[in-house]
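These are the residues of each chain, in order.
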Amino acid sequence: MDIQLKRGLLDVCVLAAIKPGDSYGYQIIRDMKPYVDISESTLYPILRRLETAELLTVRSAEHNGRLRKYYSITPSGLQRIEDFKQDWREMESIYRFVVREERESQ
Amino acid sequence: MNREQFFQALRARLAGLPEADIVSSLEYYGEMIDDRVEDGVPEEVAVAAVGSVDEIAGQILMDMPLTKLVKARVKPQRRLKAWEIVLLVVGSPVWLPLLIALAAVVLAVYITLWAVIVSLYAAVLSVAVAAIACLIGGFVLSPLSLPGVLLGLGGALVCAGLAVLMFLGCTALAKCIVKLGQLLWQFIKSCFIGKRGKTE
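Residues numbered from 1 in each chain as written. Chains lettered and ligands numbered in written order. Predicted model: local features only at pLDDT ≥ 70, side-chain atom pairs only at ≥ 80, totals over all residues. Heavy atoms only, no water.

1. Let's talk about the nonpolar core
As a rule of thumb, nonpolar side chains are buried together in soluble globular proteins.
Here is step 1 of the chain: Ranked by internal contacts, the top residues of the largest apolar core, which has 43 residues, are A:Ile28, A:Leu43, B:Phe6, B:Leu10 and B:Tyr29.
Here is step 2 of the chain: Residue contributions to this core peak at six residues, all from helix α2 (residues 19–38) of chain B.
Here is step 3 of the chain: If near-sequence neighbours (up to four positions away) are discounted, B:Leu10 is found in contact with B:Leu26, B:Tyr29, B:Val53, B:Ile56 and B:Ala57. (Core = buried A, V, L, I, M, F, W, Y, C linked by side-chain atoms within 4.5 Å. Buried < 20%, exposed > 50% of the residue type's maximum accessible area, 1.4 Å probe, protein only. Helix = DSSP H or I, 4+ residues; strand = E, 2+ residues; numbered from the N terminus. Contact = heavy atoms within 4.5 Å.)

Laid out in structure tokens, this is it:
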């Protein structure tokens, strides 16, 4: 898959992982695991990028005597997911057209 | 490798970067390790699971803006001795122009890539304008001459078709050039990351 495309898709996946509620790094990886394999080293720059773009916010909270960072989606992050859904519907339409031509040629 | 050894190794690989970036990275991976340990995973297994230090440091450095990478690369890892400082100053008429020349070459290559893209589309535009000119020439300059009109129309169609084909070709070529620019940028960044790995 094109690297830039995958990068954009992973960004949306991470936002979708925190949409239901605040989450933390390890939980985000576990939630995504059934759908996409993502490593800690891949997730870290994604979280930084999303925070810089104000698509999520970060807060530290005490957990079992240590600090843990929790990530929350922002309204801009929610909009990003909606934009992705719209883009995906268009992409699906193009995909159906491409696949239809292949089916007809077979 | 245990948690502390991992932190020491990662800190060494990220040496030269702003302290805030290093601390942020260590906190993130420390949290990942602690979460796994909380899940019952032994510490050394948890450390191995987050990835190798080289891979992690490479990813962090590749994500850094080039300016930060350059600063980290040129920043001395230890206090310079007096003779080293003198050598740097005395040698500046040599290394400084070379550095400026290298930066200028990189910038020139980047500008050239974009100039090629702009000139390709300018060529497409000129052919499109020629199509309009042929149309005007046929209908306006020789309205009473059928051959003239047909010639103008034919010329306009040929130019229009050529412009469309050229546009498709130019767009594909422009995408390749943009990708080449991105690869060049990644290569420049990797030069600063790669050398750090070899020297440490």
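2. So, the environment of A:Met32
Here is step 1 of the chain: Residue position: A:Met32 is located in helix α2 (residues 25–32).
Here is step 2 of the chain: For A:Met32, the residues in contact, after removing those within four places along its chain, are A:Leu10, A:Cys13, A:Val14, A:Ala17 and A:Ile38.

3. Points about α2(B)
Here is step 1 of the chain: Over its 20 residues, α2(B) runs 28 Å from end to end, which matches the ideal 28 Å to within 8%, given 1.5 Å per residue.
Here is step 2 of the chain: Positive phi appears at B:Gly40, one or two residues downstream of α2(B), with a value of about 100°. (Expected span 1.5 Å × (residues − 1).)

4. Points about the pairing of strand β2 (residues 66–73) of chain A
Residue and element names in this part refer to chain A.
Here is step 1 of the chain: Among the eight residues that make up β2, six are buried, leaving the element largely enclosed by the rest of the structure.
Here is step 2 of the chain: As paired strands, strand β1 (residues 56–63) and β2 are joined by eight bridges and run antiparallel to one another. Bridged to Val58 within β2 is Tyr71. (Pairing = 2+ DSSP bridges.)

5. What to know about the side chain of B:Arg36
Here is step 1 of the chain: Relative to the helices and strands, B:Arg36 resides in helix α2.
Here is step 2 of the chain: Those residues in contact with B:Arg36, other than ones at most four positions away along the chain, are A:Tyr26, A:Glu40, B:Val41, B:Ala46, B:Ala49 and B:Val50.

6. Topic: the interface of chain B and chain A
Here is step 1 of the chain: Taken together, the contact between chain B and chain A spans 22 residues of the former and 23 residues of the latter.
Here is step 2 of the chain: Run the count over chain B and chain A and you get eight salt bridges.
Here is step 3 of the chain: Salt-bridge contacts for B:Glu38 lead to A:Arg66; the nearest nitrogen and oxygen are separated by 2.9 Å.
Here is step 4 of the chain: Joining chain B to chain A, the criterion identifies 17 residue pairs in polar contact (both at pLDDT 80 or more).
Here is step 5 of the chain: Those elements giving two or more residues to the side of chain B that touches chain A turn out to be α2 and α4 (53–63) of chain B.
Here is step 6 of the chain: Taken together, the residues that form the side of chain B that touches chain A break down as eight nonpolar, three polar and eleven charged. (Salt bridge = Lys/Arg side-chain N within 4 Å of Asp/Glu carboxyl O. Polar contact = N/O pair within 3.5 Å; in protein donor to acceptor, adjacent residues only side chain to side chain. Nonpolar A, V, L, I, M, F, W, Y, C, P; charged D, E, K, R; others polar.)

7. As for the packing of helix α3 (residues 40–52) of chain A against α4(B)
Here is step 1 of the chain: Their axes nearest at 9 Å, the elements α3(A) and α4(B) cross at an angle of 25°. Here α3(A) lies roughly parallel to α4(B), going by the angle between them. For the pair α3(A) and α4(B), the sense of crossing is right-handed. Judged by residue contacts, A:Ser41, A:Thr42, A:Tyr44, A:Pro45 and A:Arg49 of α3(A) engage B:Glu55, B:Ile56, B:Gln59, B:Ile60 and B:Asp63 from α4(B).
Here is step 2 of the chain: Classifying every residue of the contact of α3(A) with α4(B) gives four nonpolar, three polar and three charged. (Axes fitted to C-alpha atoms, helices over the stretch in contact; angles between N-to-C directions. Parallel < 35°, antiparallel > 145°, perpendicular 65-115°, else oblique. Left-handed = near helix turned anticlockwise from the far one by under 90°.)

8. Some points on the packing of helix α1 (residues 3–13) of chain B against α4(B)
Between two packed helices, the angle of one axis relative to the other and the distance separating the axes together describe the packing.
Residue and element names in this part refer to chain B.
Here is step 1 of the chain: At a closest axis distance of 10 Å, the pairing of α1 and α4 adopts a crossing angle of 40°. In terms of their interaxial angle, α1 and α4 are classed as oblique. In this structure, α1 crosses over α4, and the sense of that crossing is right-handed. Touching Phe6, Ala9, Leu10 and Arg13 of α1 are Val53, Asp54, Ile56, Ala57 and Leu61, all from α4.
Here is step 2 of the chain: Taken together, the residues of the contact of α1 with α4 sort by class into seven nonpolar, no polar and two charged.

9. As for α3(A)
Residue and element names in this part refer to chain A.
Here is step 1 of the chain: Its 13 residues place the ends of α3 18 Å apart at the C-alpha level, agreeing with the 18 Å of an ideal helix rising 1.5 Å per residue.
Here is step 2 of the chain: Those residues of α3 lying buried are Glu40, Ser41, Leu43, Tyr44, Pro45, Ile46, Leu47 and Leu50.
Here is step 3 of the chain: Taken from the residues just after α3, Glu54 is the one with a positive phi, measuring 60°.

10. Description of the packing of aromatic side chains
Here is step 1 of the chain: Here the structure, examined in full by the defined rule, presents eight aromatic pairs over all chains.
Here is step 2 of the chain: The ring of A:Tyr24 carries the charged tip of A:Arg68 above its face, separated from the ring centre by 3.5 Å. (Phe/Tyr/Trp six-rings, centres within 6.5 Å; stacked < 30°, edge-to-face > 60°. Lys NZ or Arg CZ within 6 Å of the ring centre and 35° of its normal.)

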